[in-house]
Amino acid sequence: MQPIQQRKIEADERLITKIYHLPQVSGHEGEIQEAADIIRSGGLLAIPTETVYGLGANALDPDAVARIYEAKGRASDNPLIIHVPDESWLDTYCRDVPPLAYRLAEAFWPGPLTMILPRKAIVPDRTTGGLDTVGVRCPDHPVTLAIIQAAGVPIAAPSANTSGRPSCTSAAEVLEDMDGKIQGIVDGGPSSVGVESTILDLTVSPPQLLRPGGMPLDELEAVCGTITIDRAVTGLLKEGERPRAPGMKYRHYAPQAPVTVVTGRPDKCAAYIQKRLTPTTGVICFHEFLPLFPGLEVHDLGPAQDKTEQARRVFSALRRFDGTGVTEIFAQCPDPAGLGLAIGNRLKKAAGFNVLDLGEDGYTIPTIGLVGGSGAGKSTVLDCFAACGFGVIDCDRVYHDLLDTSAPLRAALRGRFGDEVFDGQRLDRKALGALVFQNSAALRDLNHITFPFITMEVRRQAAEMQRRHLPGVVLDAAALLESPLKADCDRLVAVVAEDDLRLRRIMARDGLTEDYARARLAAQPSQQVYRAACDDILENNGTREQLLAQCQALLERIQLQSIDERTSLTP
Ligand code: TXA
Ligand code: MG
C-alpha cells in the first residue's frame with residue numbers, strides 16, 4: 001500500500017469536476033488508477049454502485065470524510081457506510097465479526113446489503129458519527145471494486161445527492177448536485193438496482209432491519225431466520241423517538257411540492273388520483289395508468305407488477321418535479337412484498353408518511369363538500385352529519401391551526417406580505433385580513449400560498465378518518481368552490497335559504513344591525529352560485545325539523561350509494 005499523500009482542499013475552493021466514463025475495467029486501468037489517486041490524496045470522488053451513486057472519500061482519513069459532509073450539507077451525526085472489495089476486509093475494520101456476517105457476505109456480496117458491526121479503532125469517529133459500530137458493504141460494480149482495490153483503503157460513501165434530495169442513479173444527476181464541489185465523477189452507467197442497500201444490524205439478536213433496500217427482506221430471512229424491523233422503516237417517529245440508523249430521522253428524498261402516497265388496488269388508486277387532479281398536480285403512476293393523466297407532469301414508475309423497474313425509476317421520478325411549477329404530487333405505490341418494501345419506504349418518506357390507504361377493495365369513504373352562506377343553516381346540517389358518525393373537517397379551523405403550527409407556511413407568508421403582518425413570531429390575522437380585503441391581487445397570492453398547505457392537512461385528516469372507517473367525511477370550507485379541495489368531494493351539498501330569512505337569522509343570532517348584516521351577506525356568493533355548483537340543495541326556508549328531515553334523506557341516499565359502490569367493487 002502506498003503512503004497517502006495529503007493535499008489540503010480549501011473549503012471555498014470551487015473545483016473542476018472531472019468526469020470519467022468507465023463502463024468497464026478492462027482498457028481503463030489508467031483512469032482507474034487516477035480515480036484511486038483522488039481517494040488516496042484525500043479528495044472526493046463520486047462512484048457508481050448497483051444501488052445508487054456514492055460520494056466517496058478515504059474512510060480512514062477524517063479530513064477527507066469531513067469534506068463529504070460539507071459537499072452534501074449533511075448533519076455530522078449521520079454516519080457513513082464503508083465500501084470494501086470483499087469479506088476478507090471485514091476483520092480489519094470490525095470487531096467480533098459473527099459467523100452470520102460471513103454467511104450473509106457469502107450469499108449476497110457483492111450486492112445491496114450493508115451490515116452494521118462493531119468497529120475497530122482504525123475507523124475514525126468522523127466516519128461513524130461517533131458510533132461504536134460501522135456499516136460495511138461490498139458494492140456490485142466492477143469499476144468501483146477495482147477503484148477500492150487500487151486505493152487500498154475502504155471508501156466511505158453516502159448517496160451522492162445533496163442532503164434531503166432524492167438519491168442519484170446516474171452520473172448526470174450527480175453532476176446536477178455536486179458539480180464544482182468534488183474532484184471527479186466516475187460514470188459507470190445507470191444504477192441497476194436504483195434504491196440504496198438494505199441495512200441490517202448484526203450487533204443485536206435477532207438481527208434488525210434498519211433500512212429496507214435493494215436486498216429484499218425475505219431473501220435475508222432465508223439466511224438469518226427472524227429479522228425484526230425498526231419502527232422508523234414503516235412510519236413517522238414520535239417526537240423524541242430515535243431511529244437506530246440516524247439517517248432515517250431526516251426528511252428525505254423530498255421534492256419541493258408536498259407528496260401524497262396512495263396505496264391499495266392499483267386501478268382504484270389511479271381512479272382516486274384522477275378525481276383529485278388540478279392543472280398543477282404532478283403524478284407518479286404505474287405505466288398502465290399513464291393515459292388517465294394527459295397534459296400533466298406525470299412520471300411513469302414502471303409496470304404495476306414490475307418492482308425491479310419501479311426501484312430503478314423511483315428516485316428519478318421524485319427528482320424531476322422540482323422547478324416544474326407542480327404544487328402537489330400524488331404517487332402510486334406497490335405492495336410491500338419483495339422490493340416493494342424499499343420502494344414504498346422511499347415514496348412514503350418523500351411524503352412525510354402522508355399515506356392514503358384505500359385498502360384491498362379500494363373503497364373510499366364518501367367525501368361531502370358542504371357550502372352555504374351565513375344564516376343558511378350550515379351548522380345545523382353539520383351537526384346532523386356529525387350525529388350520524390361522519391367526520392367533520394372545519395377547513396377554516398385547519399387554516400388557523402396551520403398559521404400557529406406550520407413554520408414553512410409562516411415563512412411563505414412573511415416572504416410575500418412582509419413583517420407588518422407579524423407580531424413577532426405570531427401571524428397577526430387582523431393585519432393580514434386588512435391587507436387582502438379589497439385587494440384582489442393580494443387575496444389571490446394569499447390563496448395561492450395557503451391552499452396547498454390547507455389541502456395537504458385536510459387530506460391528512462381525511463385519510464385518518466378513512467383509516468377509522470367512519471361512514472364519511474364532510475368538508476366545511478367557506479371558499480370550497482374555488483379551492484383545489486373541491487376536486488376531493490364526491491358530492492357537493494349546498495344549504496340555501498331566502499335572503500331576507502338569512503338576514504333576520506344572522507341579526508338575531510349575532511346581534512347585528514340590519515345595515516351591517518346586509519353588508520355581510522352582500523360580500524358572500526349569491527344563493528344562485530351555490531345552486532349552480534352543487535349536486536344536492538337543502539332548502540332551509542322552514543323549521544329546523546324540516547331541514548333535519550331533508551338532511552336525513554340525503555344521508556340515506558349517500559349510504560345507499562356507498563353500499564352500491566362497495567358491492568360493485570367485489571371482483
Ligand atoms: O446503497 C447504499 O447504501 C448507498 C451506496 C452509495 O452504497 N449508500 C448510502 O449511504 O445510502 P447513505 O449515507 O446515504 O445512507 C446510509 C444510512 C444512513 O441512514 C445512516 O444513518 C446509516 O446508513 N448508518 C450508517 N452507519 C450506521 C451505523 N453504524 N449504525 C446505524 N446506521 C448507520
Ligand atoms: Mg442517502
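Quantities reported herein were computed from a predicted structural model and do not represent experimental measurements.

### Side note on the sheet that holds strand S17 (residues 367-371)
The strands making up a sheet are joined through hydrogen bonds of the backbone, oriented either antiparallel or parallel.
Logical step 1: Strands sit in the order S18-S21-S17-S22-S23 across an open sheet of five strands; the sheet is parallel. Of all strands in the sheet, those with a lone pairing partner are strand S18 (391-394) and strand S23 (536-539), marking the two edges. Each strand of the sheet is rotated relative to its neighbour by a mean of 25°, with strand direction disregarded.
Logical step 2: Sheet analysis places strand S22 (residues 491-496) next to S23, joined by four bridges and oriented parallel. Note on S23: the bridge partner recorded for Val493 is Asp536.
Logical step 3: Packing of helix H13 (residues 395-405) onto the sheet brings it into contact with S18 and strand S21 (473-476), and relative to S18 it is tilted by some 55°.
Logical step 4: Against the sheet, helix H16 (residues 440-467) engages S18 and S21, with an angle of about 170° to S18.

### Let's talk about the site of ligand 1
Logical step 1: Taken together, 29 residues are adjacent to ligand 1, and Thr51, Asn78, His83, Ser197 and Gly247 come closest.
Logical step 2: Taking Thr51, its side chain carries an N or O atom lying 2.7 Å from an oxygen atom of ligand 1.
Logical step 3: Relative to its unbound accessible surface of 690 Å², ligand 1 loses 97% to contact with the protein.
Logical step 4: The greatest single-element share of the shell around ligand 1, amounting to four residues, is contributed by strand S6 (residues 133-137).
Logical step 5: Among the residues making up the shell around ligand 1, the classes are represented as 15 nonpolar, nine polar and five charged.

### A word on the packing of aromatic side chains
Logical step 1: Under the criterion given, the structure shown has two aromatic pairs.
Logical step 2: Pairing Trp89 with Tyr93 gives two aromatic rings, centres 6.2 Å apart and planes at 45°, and the pair type is tilted.
Logical step 3: Using a relative accessible area of 14% as the deciding quantity, one classes Trp89 as buried.
Logical step 4: For Tyr93, a relative accessible area of 7% translates into the label buried.
Logical step 5: Between Phe385 and Phe390, the aromatic rings sit 5.0 Å apart at their centres with planes inclined by 75°, giving edge-to-face as the arrangement. Across this residue pair, the class does not change: Phe385 and Phe390 are buried.
Logical step 6: Over the aromatic face of Tyr272 sits the side chain of Arg276, whose NZ or CZ is 3.5 Å from the ring centroid.
Logical step 7: One residue, Arg414, lies across the ring of Phe422, its end atom 4.0 Å from the ring centre.

### What about the sheet that holds strand S2 (residues 45-47)?
Logical step 1: With mixed pairing, eleven strands are arranged side by side in an open sheet as S1-S8-S2-S3-S7-S4-S6-S5-S9-S10-S11. Since the sheet does not close on itself, it has two edges, and those belong to strand S1 (18-21) and strand S11 (228-229), each with one partner.
Logical step 2: Inspection of the sheet shows S2 paired to strand S8 (residues 184-187) by two bridges, in the parallel sense. Paired with Leu45 across the bridge in S8 is Gly184.
Logical step 3: Lying on the sheet, helix H8 (residues 217-224) is in contact with strand S5 (113-118), strand S9 (198-201), strand S10 (208-211) and S11; it crosses S9 at an angle near 30°.

### Considerations on the nonpolar core
Where a protein is soluble and globular, its nonpolar side chains tend to be buried together.
Logical step 1: Membership of the largest hydrophobic core comes to 67 residues, with the highest contact counts inside it found for Leu45, Leu104, Trp109, Met115 and Ile147.
Logical step 2: Per element, the largest residue contribution to this core is six residues, and it comes from helix H6 (residues 142-151).
Logical step 3: Leave out the neighbours within four places in its chain, and Leu104 touches Trp109, Leu113, Met115, Leu200, Leu202, Leu220, Val223 and Cys224.

### Quick look at empty space enclosed by the protein
Take a probe with the size of a water molecule and roll it over the atoms, and the empty space left behind shows itself.
Logical step 1: What the rule picks out here adds up to three cavities of 30 Å³ or more.
Logical step 2: Lining the largest cavity are 13 residues, with Tyr272, Arg276, Leu356, Thr367 and Ala462 positioned closest to its centre.
Logical step 3: At five residues, H16 tops the list of elements feeding residues into the lining of the largest cavity.
Logical step 4: Split into classes, the residues belonging to the lining of the largest cavity amount to seven nonpolar, three polar and three charged.

What counts, and at which threshold
Along each chain, residue indices are assigned from 1 in the same order as the chain's sequence is written. Key to labels: chains lettered from A, ligands numbered from 1, both in the order written. For this predicted model, a pLDDT threshold of at least 70 governs which residues receive local features, and a threshold of 80 or more governs which side-chain atom pairs are given and counted, while totals over whole chains, interfaces and linings are taken from all residues. Hydrogens and waters are ignored; side-chain quantities use all the structure's heavy atoms. If DSSP finds at least two bridges between two strands, the strands pair. Helix numbers and strand numbers start at the N terminus; a helix is a DSSP run of H or I with at least 4 residues, a strand a run of E with at least 2. Lines fitted to C-alpha atoms define the axes here, with helix axes fitted over just the stretch in contact, and angles between the N-to-C directions of these axes take values from 0 to 180 degrees. Two residues qualify as a contact provided that any one of their heavy atoms is within 4.5 Å of a heavy atom in the partner residue. Here a residue is considered near a molecule or strand provided that any single heavy atom belonging to it is located within 4 Å of it. For the purposes of these results, a polar contact is taken to be a pair of N or O atoms within 3.5 Å, where, inside protein, one atom must be able to donate a hydrogen and its partner to accept one; residues adjacent in sequence count only when each atom of the pair is a side-chain atom. Calculation of accessible area relied on Shrake-Rupley with a 1.4 Å probe; when residues are assessed, cover is drawn exclusively from the protein chains displayed. Basically, the charged four are Asp, Glu, Lys and Arg, the nonpolar ten are Ala, Val, Leu, Ile, Met, Phe, Trp, Tyr, Cys and Pro, and anything else, Gly included, counts as polar. The pairing test for Phe, Tyr and Trp rings, Trp by its six-membered ring, is centres within 6.5 Å, and the orientation test on the planes gives stacked under 30 degrees, edge-to-face over 60, and tilted for anything in between. Each residue is assigned to one of three classes by its accessible area relative to the maximum for its type, calculated with a 1.4 Å probe on protein chains only: buried under 20%, partly exposed between the two thresholds, exposed over 50%. Counted as over-ring charges are cases with an Arg CZ or a Lys NZ within 6 Å of the ring centre that also lie within 35 degrees of the ring normal. For the purposes of this section, nonpolar cores are sets of buried Ala, Val, Leu, Ile, Met, Phe, Trp, Tyr and Cys residues that join through side-chain atoms within 4.5 Å. Put simply, the grid is 1 Å and covers the protein atoms alone, a cavity is a trapped set of points that fit a 1.4 Å probe, a pocket is an open set with protein on both sides within 12 Å along at least five of seven lines, and lining residues have an atom within 4 Å of a point. Grid points are joined across faces, edges and corners, and a volume is the space filled by probe spheres set on the points.

Function cannot be read off these values alone, since they describe shape.
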